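Take a look at the letters that make up each chain.
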Amino acid sequence: MSIRIVVCDDHALVLDAFAETLRTVPGFEIVGLVNGGQHVVATVRQLRPSIVILSMGMAGTDCLQLARQVREALPSCGVALIAAAPTRALVDRAVEAGVLSVIPKHARLSHLVGAVRGVAAGCLTIDPALIGPPGARAQALSHREREILSLTVGGASVKEIAKELFLSAGTVRNLSSSAMRKLKGRNRFDAARIAYEQGWL
């Protein structure tokens, strides 16, 4: 019996290339390609795939929340997540959201094939290399910087963050600037995005 796969990415060229690669694997059937996250759940309900492969970092998409929604819509459907530089923190959050495999973008096809088969069988399939200490930039963030970045991800203003954490607005700006330097973010929102996508918040 073939493994029915839906692939989701927000870059059409990447999506097509990825699907064409998977079509070469015996026993894999690509039943749906979804450009962006907004139609994934509806596609899952309609096509009832064995597995959905999501690309982390799609614009305007919370992939972990999307994974939860997929699992709620079709509990028999496994979810795999493709991430540029997955960390232990991201893996922990992903597993909590119901994801069965987190696959680095640099992984070989053989690794991807094994992960897809494992997820389709309902098995947690995590590369042991992903279970290790967080990266140096994540370790460099202080507890306060993480709190501020977490609130920034939620769209809070400097004034709102200061009130929430009982800090002055100046302290919030200073800590935001420190986090921006450590994460090489263009601004505090970019730094928060980087930290969130890497699973450091």
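Residues numbered from 1 in each chain as written. Predicted model: local features only at pLDDT ≥ 70, side-chain atom pairs only at ≥ 80, totals over all residues. Heavy atoms only, no water.

- An unreviewed UniProt entry lists the protein under the name Two-component system response regulator DesR, with Micromonospora luteifusca as the source organism.

**Focus: the packing of aromatic side chains**
Turning to step 1, where the next piece is worked out: The final tally for this structure, using the stated rule, is 0 aromatic pairs.
Turning to step 2, where the next piece is worked out: Positioned above the aromatic ring of Y196, the side-chain terminus of R93 is 4.7 Å from the ring centre. (Phe/Tyr/Trp six-rings, centres within 6.5 Å; stacked < 30°, edge-to-face > 60°. Lys NZ or Arg CZ within 6 Å of the ring centre and 35° of its normal.)

**Focus on the nonpolar core**
Turning to step 1, where the next piece is worked out: Counting 27 residues, the largest nonpolar core has V40, V52, L54, V70, L81, V99 and V102 as the members making the most contacts within it.
Turning to step 2, where the next piece is worked out: Elements that contribute at least two residues to this core include exactly β1 (3-9), α2 (40-47), β3 (51-55), α3 (63-73), β4 (78-83) and α4 (88-96).
Turning to step 3, where the next piece is worked out: When residues in this core are grouped by element, the largest group, 5 residues, is from α3.
Turning to step 4, where the next piece is worked out: When near neighbours in sequence (up to four residues on either side) are disregarded, L54 contacts C8, V40, C63, L66, A67, V79, A80, L81 and I82.
Turning to step 5, where the next piece is worked out: Residues I3, L15, V113 and V116 belong to the second largest nonpolar core, which totals 20 residues. (Core = buried A, V, L, I, M, F, W, Y, C linked by side-chain atoms within 4.5 Å. Buried < 20%, exposed > 50% of the residue type's maximum accessible area, 1.4 Å probe, protein only. Helix = DSSP H or I, 4+ residues; strand = E, 2+ residues; numbered from the N terminus. Contact = heavy atoms within 4.5 Å.)

**Describing the UniProt feature "domain: Response regulatory" (unreviewed entry) in the protein**
Turning to step 1, where the next piece is worked out: Mapped onto the present numbering, the UniProt feature "domain: Response regulatory" (unreviewed entry) falls at residues 4-120.
Turning to step 2, where the next piece is worked out: End C-alpha to end C-alpha, residues 4-120 measures 9 Å, and it is 44% helix and 25% strand. (UniProt positions renumbered as here; feature names shortened; annotations may be inferred.)

**Description of the pairing of β1**
Each regular strand carries side chains that alternate between the two faces of the sheet.
Turning to step 1, where the next piece is worked out: By the criterion of burial, β1 is predominantly enclosed, with 6 of the 7 residues buried.
Turning to step 2, where the next piece is worked out: In terms of strand pairing, β1 meets strand β2 (residues 28-35) through 7 bridges, oriented parallel. Looking at the pairing, D9 lines up with N35 of β2.
Turning to step 3, where the next piece is worked out: With helix α1 (residues 12-23) bridging β1 and the parallel β2, this β-α-β connection has right-handed handedness.
Turning to step 4, where the next piece is worked out: Pairing of β1 with β3, which is carried by 4 bridges, proceeds in the parallel orientation. (Pairing = 2+ DSSP bridges. Right-handed = clockwise from strand over helix to strand, strands pointing away.)

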